[in-house]
Amino acid sequence: MTETPAFWQTTLEEISHTFLEAQKAEKRILAFSAGNRPLYCLSYGEKDISPCNANYSSALGAHDKACYKPKDAKPTLLLIGAEHGQETEGVAGLMNLISLMETGRDLAGNPNEALPEAASKIRLVILPVANPDGRARVEPKGIVGMTGYDLRYWGQGTWKDGSLCGWPDCKKIHPIKGHEGFLGGYYNDDGINLMHDNFFHPMAKETQAILDLCAAERPDMILHLHGGSNSEGNLLQTAYVPPEISAAIEALAKRCIEAGKPEGLVFAEAPLPPAEETPPSFNLPSAAHHVCGAISAVYESNECLIDEPGPHLSHAQITRMHLILFEQAMKMLCEGR
Ligand SMILES: [Zn+2]
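Residues numbered from 1 in each chain as written. Predicted model: local features only at pLDDT ≥ 70, side-chain atom pairs only at ≥ 80, totals over all residues.

**Student:** Which residues make up the overall build of the protein chain, and what are the values?
**Tutor:** A count of helical and extended segments in the protein chain gives 10 helices and 9 strands. Relative to a compact globule of 337 residues, whose C-alpha radius of gyration would be 20 Å, the protein chain shows 19 Å and is just as compact. Relative to its 337 residues, the protein chain shows a buried fraction of 48%. For the protein chain, the share of sequence-separated contacts (at least 6 apart) that also reach a separation of at least 24 residues comes to 73%. (Helix = DSSP H or I, 4+ residues; strand = E, 2+ residues; numbered from the N terminus. Rg over C-alpha atoms; globule rule 2.2 N^0.38 Å. Buried ≥ 20, exposed ≤ 12 C-beta atoms within 10 Å, placed from the backbone. Contact = placed C-beta atoms within 7 Å.)

**Student:** Can you explain the sheet that holds strand E1 (residues 26-32)? Please cite residues and give values.
**Tutor:** What the 7 strands build is an open sheet, ordered E1-E2-E4-E3-E7-E9-E8; its pairing is mixed. If you trace the sheet from one side to the other, it starts and ends with E1 and strand E8 (234-235), each paired once. Where E1 lies against strand E2 (residues 38-44), 5 bridges are found, and the strand directions are antiparallel. Its bridge partner lying in E2, glutamate 26 is registered against serine 43. Of the strands in this sheet, E1, E2, strand E3 (76-81), strand E4 (123-127) and strand E7 (221-227) touch helix H7 (residues 205-217), which is tilted by about 140 degrees from E1. Sheet contacts for helix H8 (residues 243-260): E8 and strand E9 (295-301); angle to E9, the most-contacted strand, approximately 40 degrees. (Pairing = 2+ DSSP bridges. Axes fitted to C-alpha atoms, helices over the stretch in contact; angles between N-to-C directions.)

**Student:** So what's going on with the nonpolar core? Which residues, and what values?
**Tutor:** In terms of nonpolar packing, the biggest core is built from 91 residues, with Leu77, Leu79, Ile126, Leu223, Ile249, Ala288 and Ala329 touching the most fellow members. The biggest single contributor to this core is helix H10 (residues 315-335), with 9 residues. Non-local contacts of alanine 329, meaning those with residues more than four positions away in its chain, are made with Leu77, Met221, Leu223 and Leu252. (Core = buried A, V, L, I, M, F, W, Y, C linked by C-beta atoms within 7 Å.)

**Student:** Any details on H7? Residues and values, ideally.
**Tutor:** Between its terminal C-alpha atoms H7 stretches 18 Å, which fits the 18 Å expected from 13 residues at 1.5 Å a residue. Along H7, the positions that sit buried rather than exposed are Glu206, Thr207, Ala209, Ile210, Leu213, Cys214 and Glu217. Down the axis, H7 shows its buried residues gathered within 160 degrees of arc, on one side only. For H7, the secondary structure elements touched by its buried residues are E1, E2, E3, E4, E7 and helix H9 (284-292). With its phi angle positive at about 45 degrees, arginine 218 sits one or two positions after the end of H7. (Expected span 1.5 Å × (residues − 1). Arc of directions from axis to C-beta.)

**Student:** Lay out the pairing of E7 with the relevant residues and their values.
**Tutor:** Counting buried residues along E7, 7 of its 7 residues qualify, which places the element largely inside the surrounding structure. With burial as the criterion, each face of E7 is covered, one bearing Met221, Leu223, Leu225 and Gly227 and the other bearing Ile222, His224 and His226. Inspection of the sheet shows E3 paired to E7 by 5 bridges, in the parallel sense. Its bridge partner lying in E7, leucine 78 is registered against isoleucine 222.

**Student:** Go over the environment of proline 132 with me, naming the residues and quoting the values.
**Tutor:** Inspection of the secondary structure assignment puts proline 132 in helix H5 (residues 132-137). Along the chain, proline 132 and isoleucine 318 lie 186 residues apart, while their C-alpha atoms are 22 Å from each other. Once you skip the residues sitting within four places of it in the chain, proline 132 turns out to touch Leu12, Ser33, Arg37 and Leu39.

**Student:** Break down unusual backbone geometry for me, with residues and values.
**Tutor:** Residue proline 168 is reached from tryptophan 167 by a cis peptide bond, and omega for that bond is 5 degrees. Looking at the secondary structure, you find proline 168 in the loop between strand E5 (157-159) and strand E6 (180-183). A positive phi is found at tyrosine 240, a non-glycine position, where the angle reads about 65 degrees. Relative to the assigned elements, tyrosine 240 resides in the loop between E8 and H8. The phi dihedral of cysteine 304 falls on the positive side, at around 50 degrees, and the residue is not glycine. Looking at where cysteine 304 falls in the secondary structure, it is placed in the loop between E9 and H10.

**Student:** So what's going on with the environment of tryptophan 8? Which residues, and what values?
**Tutor:** Here tryptophan 8 is to be found in the segment before helix H1 (12-21). Setting aside residues up to four positions removed in sequence, tryptophan 8 forms contacts with Ala92, Lys141, Gly142 and His315.

See below:
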């Protein structure tokens, strides 16, 4: 197993410590999970207080998005880590971002003026761990340098007979609670995968907290930070959103591709997926978009599984790619004004 460097801070204890110590952030506990663990939220920059005369659906019905949020309102970026508890890459990226916002240096001690400068022009809202129950269940600080078996064990867990649930078969029973041998980091303590909650029904407290946050903050962009085995830095298209949102996700991917090139860091393009026989799921990024109109997308990080093909990136490269993604997202929101 690869040793986890000190800048890879991903445990609930480290999150809680950072939350308590942060001096510049506005701090809130959004909710408590099924397992009664806090969902910490840190924000930087003044909250947008432009008028909101109608909810997003009604504003679209009126053919005037400005009824929901005026065009010149302050851009807001919402970053969400660990909707799946074993995917600690985004948590590490967010903890380094918080360090930059607080001290001007990341957790490895590297200065970075560009990112806090870009952040100073927007409202930045950070939810480092959306699924603390799942995070608590996963013992390693990260999967980087481990195997595909490790990823699946700590991720989707096992059935009662000890066999791996795997992806996507883990989704065949939802909630999975009562069917598991080991409940993976995917789920909260009730066995709910937040990505596939019942969004039009009483839902998990964590899911409700995320959608409430979308309603309260009216973010222009939401990045859901996930892991994608040995993928390149991969922004996924979100199902059931208008073409302009798909185009914006593609534009962000292109910006990241260009920004990563000088450092030899490879991001993927974000083309629309081909039509399949089974329609795509209306998942958490879809739901978040429909609450607030945001560009809402999953970013899948490389997870460096040593026994699987694809790029094997270091902890430092994975973290750096998140910081590039965050900076490009901030700049894109400001240029869009
Ligand atoms: Zn995931």
